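What follows is the residue order along each chain.
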Amino acid sequence: MTVMDEPVLPASTVTLPDAYGSAAKWFHWVTVVLLGIALPVGFVIDHVKDADKMAFYAIHESAGLTILFVALARLAWRLRNPPKPLPEHVPPVLRKTAAAVHHTLYLLLILQPILGFFATNAWGFPLRGETAYLGFIQLPKFMETDEGLAGVLQTIHTIGGWSILVLLVLHVGGVVFHQAIRRDGTLLRMV
């Protein structure tokens with residue numbers, strides 16, 4: 001029996017699954033907003049006029065570093081307040097897929113800003129001056145300029161950005177699948 005062959009529950013029989021708490025929902029939706037800022041700005045920086053680049057870097061880097069702080073707080077919260085398991089009617093393959101996507105997203109939400117922070121330092125542009133964190137918090141420069149290292153870190157950071165985008169598409173696809181096809185109420189856990 002495939003996932004598509006699993007019985008779909010009629011909308012009238014779906015019970016509201018155990019919802020996430022308000023703190024978990026807050027972390028989730030703040031992360032969504034920050035990613036909605038950091039990803040598009042990061043993807044277009046190379047196509048912006050040089051005169052405007054620093055503003056884009058400032059926004060991208062501040063959003064990214066804030067994602068790191070939110071992700072760490074979110075992970076700490078989740079470890080102390082684990083979510084209730086998915087309802088029994090969710091097939092094991094979907095449970096495993098959801099867990100893999102979530103765990104990989106957590107990992108990248110932590111690693112990606114760190115890689116970006118290291119890359120900016122290696123390029124010789126720490127978060128100071130025009131690109132200070134949130135526009136006014138000057139972060140210390142902790143390494144000398146090393147363009148070779150910067151290029152490697154930038155490449156990994158770029159791959160990480162595209163990977164996050166792919167994982168977000170999978171995550172949203174899963175939401176649509178549960179809501180529109182399975183109609184199992186899983187979406188209601190986070191809204």
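Thresholds, definitions, all that
- Residues numbered from 1 in each chain as written.
- Predicted model: local features only at pLDDT ≥ 70, side-chain atom pairs only at ≥ 80, totals over all residues.
- Heavy atoms only, no water.
- Patch = residues over 30% accessible without salt bridge, like charges linked within 9 Å, V, L, I, M, F, W, Y side chains within 5 Å.
- Areas by Shrake-Rupley, 256 points an atom, 1.4 Å probe, with all protein chains shown as cover.
- Salt bridge = Lys/Arg side-chain N within 4 Å of Asp/Glu carboxyl O.
- Helix = DSSP H or I, 4+ residues; strand = E, 2+ residues; numbered from the N terminus.
- 1 Å grid on protein atoms, 1.4 Å probe; cavity = no way out; pocket = protein on both sides within 12 Å on 5 of 7 lines; lining within 4 Å.
- Points joined across faces, edges and corners; volume = space filled by probe spheres on them.
- Nonpolar A, V, L, I, M, F, W, Y, C, P; charged D, E, K, R; others polar.
- Polar contact = N/O pair within 3.5 Å; in protein donor to acceptor, adjacent residues only side chain to side chain.
- Contact = heavy atoms within 4.5 Å.
- Core = buried A, V, L, I, M, F, W, Y, C linked by side-chain atoms within 4.5 Å.
- Buried < 20%, exposed > 50% of the residue type's maximum accessible area, 1.4 Å probe, protein only.
- Phe/Tyr/Trp six-rings, centres within 6.5 Å; stacked < 30°, edge-to-face > 60°.
- Expected span 1.5 Å × (residues − 1).

### Some remarks on a nonpolar patch on the surface
A cluster of nonpolar side chains, Val33, Ile37 and Ile59, forms an exposed patch at the surface whose accessible area comes to about 240 Å². Along the chain, Ile37 falls in helix α1 (residues 22–44).

### Some details on the layout of surface pockets
Approximately 780 Å³ is the volume attributed to the second largest pocket. Lining the second largest pocket we find 31 residues, and of these Ile45, Tyr57, His60, Gln154 and His157 sit closest to its centre. Grouping the amino acids of the lining of the second largest pocket by side-chain chemistry returns 17 nonpolar, 12 polar and 2 charged.

### Things to note about the side chain of His60
Among the structural elements, His60 can be located in helix α2 (residues 50–80). Of note is the side chain of His60, whose polar atom sits 2.8 Å from the backbone oxygen of Ala38. Discounting residues that sit within four places of it in the chain, His60 has contacts with Ala38, Val41, Gly42, Ile45 and His157.

### What to know about the nonpolar core
Leu35, Leu65, Ile67, Leu109, Leu127, Leu139 and Ile164 are the most contacted members of the largest nonpolar core, which has 22 residues in total. At the level of elements, α1, α2, α3 (92–123) and α4 (147–182) are the ones that each hand at least two residues to this core. Contacts of Leu127, omitting those with residues within four sequence positions, involve Glu61, Leu65, Phe117, Thr120, Ala132, Tyr133, Ile137, Gln138 and Leu139. Core analysis: the second largest hydrophobic core is formed by 6 residues, Ala119, Met143, Ala150 and Leu153 among them.

### Here's the deal with the packing of aromatic side chains
Evaluation of the coordinates by the stated rule reveals 6 aromatic pairs. Here the aromatic rings of Trp26 and Phe27 are separated by 5.4 Å at their centres, their planes lie at 70°, and the arrangement is edge-to-face. One aromatic cluster is present, formed by Phe117, Phe118 and Phe142 through successive ring pairs.

### Describing α4
Between the first and last C-alpha of α4 there are 50 Å, a value that for 36 residues agrees with the 52 Å anticipated at 1.5 Å per step. Next to the buried residues of α4 lie α1, α2 and α3. The residue sitting at the N-terminus of α4 and contributing the capping side-chain oxygen is Asp146; that oxygen lies 3.2 Å from the backbone nitrogen of Gly148. Taken from the residues just after α4, Arg183 is the one with a positive phi, measuring 50°.

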